[in-house]
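A closer look at the structure
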Amino acid sequence: MGRIRRLFIPGVDKQLLVRDATKLMPELSRRRFIAGGASLGALTLLTGCDVTDSFSAESMLTQISKFNDAVQAAMFNPNTLAPTFPESAITRPFPFNGYYALEDAPDIDGKDWKLEVRGLVENKKSWTLDELYKLPQENQITRHICVEGWSAIGSWTGVRLSHFLQLVGADTKAKYVWFNCADVDGYNSPLDMPSALHPQTQMTFRFDNQILPRAYGYPMKIRVPTKLGFKNPKYVVSLEVTNDYKGGYWEDQGYNSFSGS
Ligand SMILES: Nc1nc2c(c(=O)[nH]1)N[C@H]1C(S)=C(S)[C@@H](COP(=O)(O)O)O[C@H]1N2
Ligand SMILES: [Mo]
């Protein structure tokens, strides 16, 4: 994970925290948590606590010890919705994150950009931004959790990915939707089909009611609030419906591809 920036969390030893939390979990949850990589990010996703200081680390542990197996099983269920928040909870400014500095982020001209659609779909036509903007859009205020140890609440607006997949005649029995991005050294990420069809999984065009800024993935990112941050590709240029596991930028470096509920 050479290029990952390590964030300092005052008073919290991440490894100890993950170890303590694991001990507190009921058996079934513990097994799933360990199978999922036992990361601090997964713990944050599970509890909704943002571990940025020793106080919230403590409340996270308290919360975990209160869980019963049924509650945790529900949180790992792909049919469960990610928690939503009021506008007052939005984190401002919302953090930018990439494996490079913001100046090096893709600078895409929306007029030239097209979304390529490939693989197991009936209609492989490319989509312009104007065409995509005309599709029905929804808003969600949800939490984004990064494995580097931070989380933030944002407001995203866009088209349900399941709606788009239906429009292009995608084979929804295929295993994955694989996204490719415009980053200079590449970025891609496979999403399992049940998560692609999840009602909160979104082709996002707006952040905080403004056209998606460059920092957050202009012109389009895929918002998957049931997954960790790295499974939310920005600057997307193509999607491919496929049965082949094609790997991903962070997945290839050891992060669990499931990484979420
Ligand atoms: N194309 C692209 N998408 C990406 C990344 C990236 O480097 N390139 N980083 C991922 C990670 S690790 C995180 S935490 C989020 C950060 O999104 P944000 O900048 O909107 O906070 O984007 C994800 N999607
Ligand atoms: Mo991340």
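Overview of the structure. This is a predicted model, so every value here is computed, not measured.

Along the chain, valine 237 falls in strand S10 (residues 236-242). Among the residues examined, valine 237 registers a relative accessible area of 25% and is labelled partly exposed. Sequence separation between valine 237 and alanine 182 is 55 residues; the distance between their C-alpha atoms is 6.2 Å. Apart from residues no more than four positions distant in its own chain, valine 237 is found in contact with Trp113, Lys114, Leu115, Glu116, Asn180, Cys181 and Ala182.

Evaluated as defined, the whole model comprises 13 aromatic pairs. With a centroid separation of 6.5 Å and 10° between ring planes, the pair formed by tyrosine 99 and tyrosine 187 is classed as stacked. With a gap of 88 residues between them, tyrosine 99 in the loop between helix H5 (69-75) and strand S1 (114-119) and tyrosine 187 in the loop between strand S5 (176-181) and strand S6 (188-192) connect regions that are remote in the sequence. On the basis of relative accessibility, which here comes to 12%, the residue tyrosine 99 falls in the buried class. A relative accessible area of 11% places tyrosine 187 in the buried class.

Turning our eyes to something else, we now look at the pairing of S1. Consecutive side chains along a regular strand alternate between the two faces of the sheet. Relative to strand S2 (residues 127-128), S1 is paired through two bridges, and the arrangement is antiparallel. For leucine 115, the partnering residue across the bridge sits in S2 and is tryptophan 127. Taken together, the four bridges between S1 and S10 define a ladder with parallel strand orientation. Paired with valine 117 across the bridge in S10 is leucine 239.

Axis angle and axis distance: for two packed helices, these are the angle between their axes and the distance between the axes, and together they describe the pair. Closest axis-to-axis distance for the helix H1 (residues 14-24)/helix H2 (residues 27-35) pair is 8 Å, and the angle between their directions is 145°. Here Val18, Thr22 and Lys23 of H1 lie close against H2, whose contacting residues are Arg30, Phe33 and Ile34. Residue composition of the contact of H1 with H2, grouped by class: three nonpolar, one polar and two charged.

Time to look at the pattern of salt bridges. Across all of its chains, the model carries eight salt bridges by this definition. As a salt-bridge pair, arginine 118 and glutamate 116 come within 2.9 Å of each other at their nearest N and O atoms. Using a relative accessible area of 28% as the deciding quantity, one classes arginine 118 as partly exposed. Looking at glutamate 116, the relative accessible area reads 37%, which means it is partly exposed. Salt-bridge contacts for glutamate 138 lead to arginine 160; the nearest nitrogen and oxygen are separated by 3.1 Å. On the criterion of sequence distance, the pair formed by glutamate 138 in strand S3 (residues 138-146) and arginine 160 in strand S4 (residues 150-160) is long-range, its members being 22 residues apart. For arginine 160, a relative accessible area of 33% corresponds to the partly exposed category. Salt bridges here are not isolated pairs; linked through shared partners, they connect Glu116, Arg118, Glu240 and Lys246.

Rules behind the numbers
Within each chain, residue numbers correspond to sequence positions counted from 1 in written order. Throughout, the order in which chains and ligands are written sets their labels, letters from A for the former and numbers from 1 for the latter. In view of the model being predicted, local features appear only for residues whose pLDDT reaches at least 70, and side-chain atom pairs are presented and counted only at 80 or more, with totals across whole chains, interfaces and linings using the full set of residues. Only hydrogens and water are removed before side-chain values are computed, so all heavy atoms of the structure are retained for them. Only DSSP runs of H or I reaching four residues or more are called helices, and only runs of E reaching two or more are called strands; each is numbered from the N terminus. Note on classification: 1.4 Å probe, protein chains only; a residue is buried when its accessible area is under 20% of the maximum for its type, exposed when over 50%, partly exposed between these limits. Whether two residues are in contact is decided by their heavy atoms, any of which lying within 4.5 Å being enough. We call Phe, Tyr and Trp rings a pair once their centres come within 6.5 Å, taking the six-membered ring for Trp, and we label the pair stacked below 30 degrees between planes, edge-to-face above 60, and tilted otherwise. Pairing between strands is defined by DSSP: at least two bridges between them are needed. Axis lines are fitted through C-alpha atoms, for helices just across the contact stretch, and the angle between N-to-C directions can take any value from 0 to 180 degrees. Ten residue types, Ala, Val, Leu, Ile, Met, Phe, Trp, Tyr, Cys and Pro, are classed as nonpolar, four, Asp, Glu, Lys and Arg, as charged, and the remainder, Gly among them, as polar. Here, a salt bridge means any side-chain nitrogen of Lys or Arg that lies within 4 Å of a carboxyl oxygen of Asp or Glu.

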